[in-house]
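So the chains spell out like this:
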Amino acid sequence: MRQLGTITGLCLSVVVGMPALAQDAGHSGWYFRGGPVGVYFSPGAELSIAGAPIPGADVSVDDNYSLSFDIGYRFSDRVSGSFTFGIPPTAEIRGAGSLAGAYLGDVTYAPAIVALQYRFPTGNRKFEPYIGAGVNYTIILDDEGKDVAGFKVNNGWGVVLQAGFESMINDRMGVYFDVKKIWLDTDVSGTLGVGGPPAAAKATLDPLLVGVGVVWRF
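This is a predicted model, so every value here is computed, not measured.

## Topic: the overall build of the protein chain
Reasoning step 1: The helix and strand tally for the protein chain stands at one helix and 14 strands.
Reasoning step 2: Looking at the protein chain as a whole, 43% of its 218 residues are labelled buried.
Reasoning step 3: Here the analysis covers contacts within the protein chain between residues at least 6 apart in sequence; of these, 69% occur between residues at least 24 apart.
Reasoning step 4: About 10700 Å² of surface is accessible on the protein chain, with carbon and sulfur atoms providing 64% of the total.

Laid out in structure tokens, this is it:
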């Protein structure tokens with residue numbers, strides 16, 4: 001946790017402070033991106049009830065669709081930084097494996113991502129690929145139990161890898177395709193049924209975010 005906090009602080013420092021260090025005035029500047037995004041989970045869980053591990057217990061999380069936005073700054077023709085946020089979606093968390101048939105609860109969440117990108121110079125504004133890396137902090141806005149009383153999902157940190165490309169229509173406006181992979185674990189707790197035994201789980205979510213949209217350079 002301490003290492004992730006340090007990385008986040010460094011990324012934020014770069015995003016805020018590096019405009020003054022930009023070397024290429026022709027490529028530096030702020031940009032905004034926005035469009036639809038699909039969130040595809042690769043879930044798993046280690047569950048215990050009253051402190052005893054439950055073999056074969058697992059979870060499934062339905063895919064989500066929402067709108068995602070980036071505020072970014074290009075430091076040069078090759079380096080940029082961005083802050084990603086979006087409209088919070090709601091995911092259904094259900095039991096799988098030995099928990100098949102259980103509807104654990106609904107979670108409304110808001111991932112926030114700070115990342116740096118390296119852009120490959122192609123000499124063609126119609127195709128500018130990039131790769132990136134950063135950190136994610138997912139904030140749980142609401143958790144509502146179904147078959148679990150006192151259903152609680154904690155906020156979580158995760159590492160992010162990113163790849164995509166932009167295709168500019170003119171000097172200001174273009175379109176983009178973007179993929180982000182987040183490695184994310186969180187703690188889940190509750191009570192099975194009214195007055196039942198306490199349950200706790202370490203849930204792995206590992207979502208893949210696939211987005212398209214419009215980019216506007218200022």
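Further notes follow.
## Things to note about the nonpolar core
Reasoning step 1: Residues Ile93, Val107, Tyr109 and Phe151 are the most contacted members of the largest nonpolar core, which totals 30 residues.
Reasoning step 2: Every element with two or more residues in this core is listed here: strand 1 (29-40), strand 2 (44-49), strand 4 (57-61), strand 7 (90-97), strand 8 (103-119), strand 10 (148-153), strand 12 (173-192) and strand 13 (198-204).
Reasoning step 3: No other element matches strand 8, which puts five residues into this core.
Reasoning step 4: Setting aside chain neighbours within four positions, we find Val107 in contact with Pro89, Thr90, Ala91, Ile93, Ile140, Asp142, Asp143, Phe151 and Val153.

## Considerations on the packing of aromatic side chains
Reasoning step 1: Evaluation of the coordinates by the stated rule reveals 11 aromatic pairs.
Reasoning step 2: When the ring of Tyr73 is compared with that of Phe75, the centres are 5.6 Å apart and the planes differ by 40 degrees; the resulting orientation is tilted.
Reasoning step 3: We classify Tyr73 as buried; its relative accessible area is 8%.
Reasoning step 4: Every member of this aromatic cluster is reached through a ring pair, and the members are Phe32, Phe69, Phe83 and Phe85.
Reasoning step 5: When the ring centre of Tyr103 is taken as origin, the NZ or CZ atom of Arg94, which lies over that ring, is 3.9 Å away.

## Considerations on the pattern of salt bridges
Reasoning step 1: Summed over all chains, the structure comprises 14 salt bridges.
Reasoning step 2: Measuring nitrogen to oxygen at the nearest pair gives 3.2 Å for the salt bridge that ties Arg33 to Glu166. Separated by 133 residues along the polypeptide, Arg33 in strand 1 and Glu166 in strand 11 (residues 156-168) bring together distant segments of the chain. Here the two residues Arg33 and Glu166 agree in accessibility, since each one is buried.
Reasoning step 3: The partner of Arg94 in a salt bridge is Glu92, and the shortest N-O contact between them spans 3.2 Å.
Reasoning step 4: By relative accessible area, which is 34% here, Arg94 ends up partly exposed.
Reasoning step 5: Looking at Glu92, the relative accessible area reads 29%, which means it is partly exposed.
Reasoning step 6: One network of salt bridges, in which partners are shared, links Arg33, Asp70, Arg74, Arg119, Glu128, Glu166, Asp178, Lys180 and Arg217.

Rules of the game
Residues numbered from 1 in each chain as written. Predicted model: local features only at pLDDT ≥ 70, side-chain atom pairs only at ≥ 80, totals over all residues. Heavy atoms only, no water. Helix = DSSP H or I, 4+ residues; strand = E, 2+ residues; numbered from the N terminus. Buried < 20%, exposed > 50% of the residue type's maximum accessible area, 1.4 Å probe, protein only. Contact = heavy atoms within 4.5 Å. Areas by Shrake-Rupley, 256 points an atom, 1.4 Å probe, with all protein chains shown as cover. Core = buried A, V, L, I, M, F, W, Y, C linked by side-chain atoms within 4.5 Å. Phe/Tyr/Trp six-rings, centres within 6.5 Å; stacked < 30°, edge-to-face > 60°. Lys NZ or Arg CZ within 6 Å of the ring centre and 35° of its normal. Salt bridge = Lys/Arg side-chain N within 4 Å of Asp/Glu carboxyl O.

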